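# Per-entry structural report
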2 protein chains.
Amino acid sequence: MSSSTVSGAIGTGRLVSQVSRRRNLGVLLREVHRDGAVSRTELADRMGVNRSTILTLISKLAATGLVREETSATTGRAGRPSLVVRPETGQVYVLAFDVAVDRLVAARVGLGGTVLERREAARRRGNDDLDEVVTVLAGFGAELVAAAPPDATCVGVGASYCGLIRAADGKVRLVPTIGWTDLDFGPALGRRLGLGLPVAVGNEAHLGALAEHERGAGAGSRNLVYLHGDVGVGGGIIVGGRLLDGDEGYAAELGHMIVNPYDGRPCNCGSRGCLEAEVGEEALLEAAGRAGGPLGREGVRGVVQAAERGDAAARAALDRVGDWLGIGVANLINLFNPGVVIFGGMLSEIYRGAAAQVDTRVQNSVLPVSRERVALRTAALGYDSTLAGAAELGFAALLADPLGALSR
Amino acid sequence: MSSSTVSGAIGTGRLVSQVSRRRNLGVLLREVHRDGAVSRTELADRMGVNRSTILTLISKLAATGLVREETSATTGRAGRPSLVVRPETGQVYVLAFDVAVDRLVAARVGLGGTVLERREAARRRGNDDLDEVVTVLAGFGAELVAAAPPDATCVGVGASYCGLIRAADGKVRLVPTIGWTDLDFGPALGRRLGLGLPVAVGNEAHLGALAEHERGAGAGSRNLVYLHGDVGVGGGIIVGGRLLDGDEGYAAELGHMIVNPYDGRPCNCGSRGCLEAEVGEEALLEAAGRAGGPLGREGVRGVVQAAERGDAAARAALDRVGDWLGIGVANLINLFNPGVVIFGGMLSEIYRGAAAQVDTRVQNSVLPVSRERVALRTAALGYDSTLAGAAELGFAALLADPLGALSR
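About the criteria used
Residues numbered from 1 in each chain as written. Chains lettered and ligands numbered in written order. Predicted model: local features only at pLDDT ≥ 70, side-chain atom pairs only at ≥ 80, totals over all residues. Heavy atoms only, no water. Phe/Tyr/Trp six-rings, centres within 6.5 Å; stacked < 30°, edge-to-face > 60°. Buried < 20%, exposed > 50% of the residue type's maximum accessible area, 1.4 Å probe, protein only. Lys NZ or Arg CZ within 6 Å of the ring centre and 35° of its normal. Helix = DSSP H or I, 4+ residues; strand = E, 2+ residues; numbered from the N terminus. Expected span 1.5 Å × (residues − 1). Polar contact = N/O pair within 3.5 Å; in protein donor to acceptor, adjacent residues only side chain to side chain. Contact = heavy atoms within 4.5 Å. Buried area = accessible area lost by both parts, 1.4 Å probe. Salt bridge = Lys/Arg side-chain N within 4 Å of Asp/Glu carboxyl O. Nonpolar A, V, L, I, M, F, W, Y, C, P; charged D, E, K, R; others polar. Least-squares fit on C-alpha atoms with pLDDT ≥ 70 in both. Axes fitted to C-alpha atoms, helices over the stretch in contact; angles between N-to-C directions. Parallel < 35°, antiparallel > 145°, perpendicular 65-115°, else oblique. Left-handed = near helix turned anticlockwise from the far one by under 90°. Pairing = 2+ DSSP bridges. Domains from an automatic or database assignment.

Here we come to the packing of aromatic side chains. One pass over the structure, following the stated rule, counts 7 aromatic pairs over all chains. Ring geometry for Phe 343 of chain B and Tyr 351 of chain B: centres 4.2 Å apart, planes at 10°, overall stacked. By the burial criterion, Phe 343 of chain B is buried, and Tyr 351 of chain B matches it. We note Arg 108 of chain A situated over the ring of Tyr 93 of chain A; from NZ or CZ to the ring centre the distance is 5.0 Å.

Once that is clear, we can look at helix H10 (residues 312-336) of chain B. Residue and element names in this part refer to chain B. The end-to-end C-alpha distance of H10 is 35 Å, a good match for the 36 Å that 25 residues give at a rise of 1.5 Å each. H10 sits mainly inside the fold: 18 of its 25 residues count as buried. Capping the start of H10, Asp 311 holds a side-chain oxygen 2.9 Å from the backbone nitrogen of Ala 313, two or three residues further along. Looking one or two places after H10, you find Asn 337, whose phi comes out positive at around 45°.

Taken together, the 48 residues of chain A in the interface contact 48 residues of chain B. Here chain A meets chain B over a buried area of about 4,100 Å², counting both sides, of which 60% is carbon and sulfur. Our count for the chain A to chain B interface comes out at 4 salt bridges. Note that Glu 372 of chain A is salt-bridged to Arg 173 of chain B, the shortest N-O span being 2.9 Å. Connecting chain A to chain B are 26 residue pairs in polar contact (both at pLDDT 80 or more). For the side of chain A that touches chain B, the secondary-structure elements that each account for two or more residues are strand E9 (172-175), strand E13 (232-239), helix H10 (312-336), helix H11 (346-365) and helix H12 (368-371) of chain A. Of the residues forming the side of chain A that touches chain B, the biggest block, 7 residues, is contributed by H10 of chain A. Considering only residue class, the side of chain A that touches chain B consists of 25 nonpolar, 13 polar and 10 charged.

Turning our eyes to something else, we now look at the relation of the copies chain A and chain B. What connects the two chain copies is a rotation about an axis and a shift along it. The transformation that overlays chain A on chain B combines an axial shift of 0.0 Å with a rotation of 180°, and the residual RMSD is 0.0 Å. Taken together, these values place the two copies in the relation of a two-fold axis. By C-alpha distance to the rotation axis, the residue of chain A lying nearest is Val 259 of chain A, at 3.1 Å.

Scanning all chains against the criterion turns up 68 salt bridges over all chains. Residue Arg 68 of chain B pairs with Glu 70 of chain B through a salt bridge whose shortest N-O separation is 3.1 Å. Residue Glu 70 of chain B is classed as partly exposed on the basis of its relative accessible area of 26%. It is possible to trace a salt-bridge network through shared partners that takes in Asp 102, Arg 103, Arg 118, Glu 120, Arg 125, Glu 281 and Asp 384 of chain A.

Residues and elements named next belong to chain B. Running from amino to carboxyl end, H10 crosses helix H11 (residues 346-365) at an angle of 55°, the nearest separation of the two axes being 6 Å. Between H10 and H11, the crossing angle belongs to the class labelled oblique. For the pair H10 and H11, the sense of crossing is right-handed. Broken down by class, the residue content of the contact of H10 with H11 amounts to 12 nonpolar, 6 polar and 4 charged.

Glancing now at the environment of Asp 263 of chain A. Structurally, Asp 263 of chain A is set in the loop between strand E14 (242-243) and helix H7 (275-279). Considered as a pair, Asp 263 of chain A and Gly 273 of chain A are 10 residues apart in the sequence and their alpha carbons are 7.1 Å apart. Only 3.3 Å separates the side chain of Asp 263 of chain A from the side chain of Asn 260 of chain A, close enough to count as a polar contact. Within the local environment of Asp 263 of chain A, its side chain forms a polar contact with the side chain of Tyr 262 of chain B, the two groups lying 3.4 Å apart.

A few words now on the sheet that holds strand E15 (residues 340-345) of chain A. Residue and element names in this part refer to chain A. The 5 strands are arranged E14-E13-E12-E15-E16 in an open sheet whose pairing can be described as mixed. Edge positions in the open sheet fall to E14 and strand E16 (375-378), since each of these has one partner strand only. Relative to E16, E15 runs parallel, the two sharing 4 bridges. Within the sheet, the bridge partner assigned to Val 341 lies in E16 and is Leu 376. In the packing of H10 onto the sheet, the strands contacted are strand E12 (224-230), E13, E15 and E16, and the crossing angle to E12 comes to about 150°.

All names here are of chain A. On domain assignment, one finds that chain A holds domain 1 (18-87), domain 2 (92-207 + 386-407) and domain 3 (219-380). Summarising the inter-unit geometry, the C-alpha centres of domain 1 and domain 2 are found 29 Å apart. Sorting the residues of domain 1 by area buried against domain 2 places Arg 22, His 33 and Leu 66 first, and these three jointly supply 51% of that buried surface. Taken together, the links from domain 1 to domain 2 amount to 1 salt bridge.

Residue and element names in this part refer to chain A. Read from one edge of the open sheet, 3 strands run E8-E9-E10, paired in antiparallel fashion. Both outer strands of the open sheet, strand E8 (164-165) and strand E10 (179-183), are each paired with one neighbouring strand and no more. Bridge count between E8 and E9: 2 bridges; the pairing is antiparallel. If you follow Ile 165 over to E9, its bridge partner there is Val 172.

Our next topic: the pairing of strand E12 (residues 224-230) of chain B. Residue and element names in this part refer to chain B. Among the 7 residues of E12, 7 are classified as buried, and the element is accordingly described as predominantly covered. On E12, burial covers both faces: Leu 224, Tyr 226, His 228 and Asp 230 on one face and Val 225, Leu 227 and Gly 229 on the other are all buried. By the bridge criterion, 7 bridges tie E12 to strand E13 (residues 232-239) in an arrangement that is antiparallel. Each residue of the ladder has a partner; that of Asp 230, found in E13, is Gly 232.

Right, let's talk about the pairing of strand E6 (residues 114-122) of chain A for a bit. All names here are of chain A. Pairing between strand E5 (residues 103-110) and E6: 8 bridges, direction antiparallel. Bridging across to E6, Ala 107 finds its partner in Arg 118. Between E5 and the antiparallel strand that follows it, E6, lie 3 residues; Gly 112 among them carries a positive phi value of about 90°.

Let us look at unusual backbone geometry. Residues other than glycine predominantly adopt negative phi, and peptide bonds predominantly adopt the trans conformation. Residues and elements named next belong to chain A. Of note, the phi angle at Asp 182 is positive, near 50°, even though the residue is not glycine. Mapping Asp 182 onto the fold places it in strand E10. On the basis of relative accessibility, which here comes to 34%, the residue Asp 182 falls in the partly exposed class.

Dropping the structure here:
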């Protein structure tokens, strides 16, 4: 993180109330959780508080086992060895779940975003049987909790879902590949887990964007666009450091931006020529003449590898899909003037195979002022961006008030 | 404004420091400036402070001549006549300027957004002679200041410009109809005005969005999309109550979203099939067979009126343009999940003539969850949205610290 002050920190010198002390504990823990190892002096600078305040905050967090101090390999300002604060991964953890179109993932994740243990299962496509999904995930959750050290505490649960989530209550309102659902997924999973913790639910691409912004290819960027390929195409957009959610949580549906209005392919949403219809898994596999072959990540990776080996049909398919993707990306850069555009999920593979086509469209169709500084990147967290974002949802209560969350 | 608390207000009961008292004066003045007449009790509720604090704040502002109290026509909670606080328009004013493609406007604007006096002149299209523009506007400014009451104070200057403005320094970097410009318009106008005040500069559509959000068709909406037709097509987008600016201030260029990639018309930006190329003034007039007739507002209004009279060519032109506009609007609703979409400038005329086409596209191509509650409206401030937004820029310093701004 490049900025020198941290939003949320309260530093009034002498008068630090109980409330702001507790909040500052959360601010400090958040810095360490995000960046992994931060020196005392850097923390004091970022939070705008003096050395004695930082020492008090660190010792309180260290006493609960949330952080530890150790000597850094590099030296500090005055040439003395610098003490750095690191997150402890043994004391607390969250459960993170990822419901993608064709797979289910669960993980136990420690402070600092470390995946400590994980489980994964295939999911039948087009299946919206809530009970089946919850049964598999709750089983994984029980195994992960049972395998945790006996003195470790589960402090939160977050879940990523491949659907449109109402921000007000976390209801899964619509899954474009299926239709209206109105699933109470979070409450159902929470009941089955039986941990006495609520399950915070977010849209998969929104969470992928959050995670890439927090600790991935968009770290330090105030404005980023994340495109997520999971059979269809979703989006998560960070505006001024915050997730774009819109009036009810349905924003950033960039997969349903129409790029091909004339002879566009029909889209799962009922429209035609949407970005998802032109660059999703199905469009790529059909164009490459591989509609009958393997689907999902394996199928998409197969096309990219075939193109690298000189397969003309695969190359032509990537050229076509890359051109549509480039139009979508150009539109998004003109709309958001972002510092970075990130390709996640299967779009990460597609961008690797079609970067030239995307870059050409960006070069030709983005206003020069917005083209000057934007970077195009693949997701640093790979296929785990969405899971990592779910873990961040799970950590939110701890980071808002560390001592309060532990005393519950 | 519907929300019951106001961001920025500090109410700690007994301990109100000098700093927060001054800030609270600004918060109160902002409420009154925006809403026109607000009761004492409503103000206390919104700001979360008690009655005695509100009385102190009101009396301080009234003593400087910024607000006045008067008995409202309606009665208060307990059946007693309620005292309302209103902005005074005689004591302070700002100068607002609007540099559009084909006209120059200047106005003296009072608290509450009241346009007290205005000047307007035609501008030669494609003319980027900074000196000529500044000379006309500074002349208008001098006239407006001379005509103001002798005891009235000019507290700020804001300007709207039809170009891409760098947020960091207000430089006009690019005008899509002209190319790179890198004009130091604000400093040049400020020097020529000689008022000792800086000139804050913003993109015309950004300012139109701000004004419609503040006191227009988007009042009370946290997320809105404003499309502005001024020969070309610009955009201003409010996200979570704040203007979408992007990394450097160039965001919301929705006019350069590609909607017609196959046989799209060439766009002034160098690309093809941009929304601006398909729905701008030129596209409409050509499609209606009126390319040789009047341009600008007159030309666009002429097409809409002809279609209303049954002119087939005008009707077909509006159908075509309305369809492209609908595609653009559908994309924007899927991306922003806004509460309201507002058509401003010449697009307000076009939407009146092509609402059915736009609505059909929205119905067919927006995800149902985002379509449920969105409203499509024309700008409540008409052609003055951009000028009103420039006035808001001018008022910013006063609203941040009323007494500080007056003592300078």
